[in-house]
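Spelled out from the first residue to the last, the chains are:
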Amino acid sequence: MTIFQKILDGKIPADMVWEDEKAVAFRDIEPKAPVHVLVIPRKPYRNIGEGATEDPELMGHLLWVCSQIAEQEGIAESGYRVITNKGDEGGQSVDHLHFHILGGRQLGWTPS
Ligand code: 5GP
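Read on for an overview of the structure. Just so it is clear, the model here is predicted, and its values are computed rather than measured.

### Side note on the overall build of the chain
Reasoning step 1: Broken down by element type, the chain carries 4 helices and 5 strands.
Reasoning step 2: Along the chain, helices and strands appear, N-terminal first, in the series α-β-β-β-α-α-β-α-β.
Reasoning step 3: Principal axes of the C-alpha set define a box for the chain whose edges measure 35 × 30 × 25 Å.
Reasoning step 4: The 112 residues of the chain split such that 40% are buried.
Reasoning step 5: Taking contacts inside the chain between residues at least 6 apart in sequence as the whole, the part at least 24 apart equals 53%.
Reasoning step 6: A total accessible area of about 6700 Å² is found for the chain, and carbon and sulfur atoms account for 49% of it.
Reasoning step 7: Across the chain, the centroid of the 11 positively charged side chains sits 3 Å from that of the 17 negatively charged ones.

### Here we look at the site of the ligand
Reasoning step 1: The immediate surroundings of the ligand are formed by 16 residues, with Asp28, Asn85, Ser93, His98 and His100 found nearest.
Reasoning step 2: The separation between a nitrogen atom of the ligand and a polar main-chain atom of Ile29 is 3.3 Å.
Reasoning step 3: Between His98 and the ligand, the recorded distance is 2.9 Å, taken from a side-chain N or O atom to an oxygen atom.
Reasoning step 4: Mapped by element, the contributors of at least two residues to the shell around the ligand are α1 (3–8) and β2 (23–27).
Reasoning step 5: The leading source of residues in the shell around the ligand is α1, at 3 residues.

Conventions and cut-offs
- Residues numbered from 1 in each chain as written.
- Predicted model: local features only at pLDDT ≥ 70, side-chain atom pairs only at ≥ 80, totals over all residues.
- Heavy atoms only, no water.
- Helix = DSSP H or I, 4+ residues; strand = E, 2+ residues; numbered from the N terminus.
- Buried < 20%, exposed > 50% of the residue type's maximum accessible area, 1.4 Å probe, protein only.
- Contact = heavy atoms within 4.5 Å.
- Areas by Shrake-Rupley, 256 points an atom, 1.4 Å probe, with all protein chains shown as cover.
- Lys, Arg positive; Asp, Glu negative; His and termini not counted.
- Charge placed at Lys NZ, Arg CZ, Asp CG, Glu CD.
- Near = heavy atom within 4 Å.
- Polar contact = N/O pair within 3.5 Å; in protein donor to acceptor, adjacent residues only side chain to side chain.

Listed below in structure tokens is the structure:
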């Protein structure tokens, strides 16, 4: 069981910023920017490849949630980044699909 499944099940706490029937979002425990929120589906797709193949409509919902959270966090105007990491070389460390929302400062480019 992943750490995100434990958060979904209420077994470990998280600083929740969004909950609906398909998705939840909470603040990253090691924030890389003033705003760093993770958006995850309730269904335990392991990554973008699995989620997009099995449930493409859900991907649209998750990205809509990202944009809503950016509004909620006050970074929609200043700008922000949405990232999903997939697999070892992508830097994925938790095998439950998630989108990072990063903002609140000028972000650098590109990932090293
Ligand atoms: P990944 O490296 O898979 O793209 O992103 C996983 C993210 O989950 C990391 O940014 C990491 O800081 C975050 N994370 C790992 N464990 C926990 C946790 O227990 N609670 C929260 N809120 N975030 C976590």
